[in-house]
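Reading the structure
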Amino acid sequence: MPLIVTHGWPGSVIEQLKIIDPLTNPTAHGANASDAFDLVIPSMPGYGFSGKPTTTGWGPERIARAWIVLMKRLGYTRFVAQGGDWGSPVSHWMAKQGAPELLGIHVNFPGTIPQEIAKALQCGDSAPAGLSGDENRAYEQLQLAIGRRRAYAQFMATRPQTLYGIADSPVGLAAWLIDHGDGWGQPAAPMTSALAGRTINGHPAGDLTRDDILDDITLYWLTNTGVSSGRIYWENKLNLYAAADISIPAAITVFPGENYEAPRSWAERAYHKLIYYNRVEKGGHYAAWEQPQLFSQEVRAAFKSLRA
């Protein structure tokens, strides 16, 4: 099964290096040969070895159109898509654009927030009455994620071209990419807390190592994409947490260290053909990087029903 996987920020294709063998060679990892994928893992525009856009308009919607063209040019007539972080809205837009070749999507950063919940969050209200335990926990997590931990994103969404300092300072680049103040959901945590159990947002960092982080920073540095990678925040016009409203087959894995743990009740409203929903016990926002074996198992399970 052909699968296009999209990374996010401040990640890169390096996030997905450890899932290549488990997904393309499943028999070496305890799965069946029939579970194999043909992987396409592109750098987003402005990232890594992809070109830097010289005109506006390269938001998730346009990247999604480009990915569909890419897969068709590679000769694939049927394929699926996966994404986390920015890869999630890119996968959502691929689904919305109605390409008949796209069989389904899997995301680990789902957009599920119902409109009434989004309104309460925007107003700074307490959790609405009548929420279930999972919904109330998600609401509390979202209050932190949206209200207190988005300063870096707001900066790139409003003034991305003023980040010149990270274009000529590797230390400045490293600080901007990986240290957002509290280690929340960011790959900096296993570096800065190496003597404190290597956790990310209170969850084990798994296979994520110091060298992984340095490799990612180095890719940004050598390709001079620290500034250009941030432009997607300026281009994006939608709330990434809002209900995705997806009508093709969709699958979700909820990792405990994600920005919020999407309740199944919300997921079923946002993804109208939810073919797979699973909550796992470890992993976070950079799931493929942190828990490649578990992540690969989830991708196999997510798309199993779509295999011809």
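Everything in this summary refers to the structure shown in the same document. In this text the structure is predicted, and so the values were computed from the model without any measurement.

Two numbers describe a pair of packed helices, the interaxial angle and the distance between the axes. Contact pair helix α2 (residues 60-73) / helix α3 (residues 87-96): the axes reach a minimum separation of 8 Å and the direction vectors enclose 65°. When the axes of α2 and α3 are compared, the crossing they make is right-handed. Where α2 abuts α3, its residues Pro60, Glu61, Ile63, Ala64, Trp67 and Ile68 lie against Pro89, Val90, Trp93 and Met94. Class assignment of the residues belonging to the contact of α2 with α3 gives a composition of nine nonpolar, no polar and one charged.

The next point concerns the side chain of Gln141. Relative to the elements of secondary structure, Gln141 occurs in helix α5 (residues 133-147). Not counting residues within four places of it along the chain, the set of residues in contact with Gln141 comprises Asn259, Tyr260 and Glu261.

Another aspect to go through is α2. Its 14 residues give α2 an end-to-end C-alpha distance of 20 Å, which sits within 8% of 20 Å, the value for a rise of 1.5 Å per residue. When α2 is considered as a whole, its buried residues turn out to be Pro60, Ile63, Ala64, Trp67, Ile68 and Met71. What you see down the axis of α2 is that its buried residues fit within an arc of 145°, all on one side. Lining the buried residues of α2 we find β1 (2-6), β2 (38-40), β3 (79-83), α3 and α10 (231-235).

With that settled, the discussion passes to the packing of helix α7 (residues 170-178) against helix α9 (residues 210-223). Axis separation between α7 and α9 bottoms out at 10 Å; the angle between their running directions is 120°. Between α7 and α9, the angle falls in the class oblique. Our pair here, α7 against α9, has a crossing hand that is right-handed. Every residue of α9 that contacts α7 at Pro170, Leu173, Ala174, Leu177 and Ile178 is listed here: Ile213, Ile217, Tyr220 and Trp221. In terms of residue class, the contact of α7 with α9 is built from nine nonpolar, no polar and no charged.

This part takes up the nonpolar core. Formed by 67 residues in total, the largest nonpolar core has its most connected members in Trp9, Met94 and Ile105. Val5, Val80, Leu294 and Val299 belong to the second-largest nonpolar core, a separate cluster that totals 18 residues.

Calculation notes
Throughout, residues of each chain are indexed from 1 in the direction in which the sequence is written. Given that this is a predicted model, residues contribute local features only at a pLDDT of at least 70 and side-chain atom pairs are listed and counted only at 80 or more, while totals for whole chains, interfaces and linings are drawn from all residues. Only hydrogens and water are set aside when side-chain values are computed; all heavy atoms of the structure are taken into account. Only the stretch in contact is used when fitting a helix axis, every axis being a line fitted to C-alpha atoms; angles between N-to-C directions are given from 0 to 180 degrees. To qualify as a helix, a DSSP run of H or I must reach at least 4 residues; to qualify as a strand, a run of E must reach at least 2; elements of each kind are numbered from the N terminus. By convention the crossing between two helices is left-handed if the near helix lies anticlockwise of the far one by an angle smaller than a right angle, and right-handed if it lies clockwise. Working rule for contacts: check all heavy atoms of both residues, and any pair within 4.5 Å makes them a contact. For this classification, Asp, Glu, Lys and Arg are treated as charged, while Ala, Val, Leu, Ile, Met, Phe, Trp, Tyr, Cys and Pro are nonpolar and the rest, including Gly, are polar. One fewer than the residue count of a helix, multiplied by 1.5 Å, yields its expected span. A 1.4 Å probe rolled over the protein chains alone gives each residue an accessible area, and that area as a share of the maximum for its type sets the label: buried under 20%, exposed over 50%, partly exposed in between. What the arc measures is the spread of directions leading from the helix axis to the C-beta atoms. Here roughly perpendicular refers to angles of 65 to 115 degrees, roughly parallel to angles under 35, roughly antiparallel to angles over 145, and oblique to all remaining angles. For the purposes of this section, nonpolar cores are sets of buried Ala, Val, Leu, Ile, Met, Phe, Trp, Tyr and Cys residues that join through side-chain atoms within 4.5 Å.

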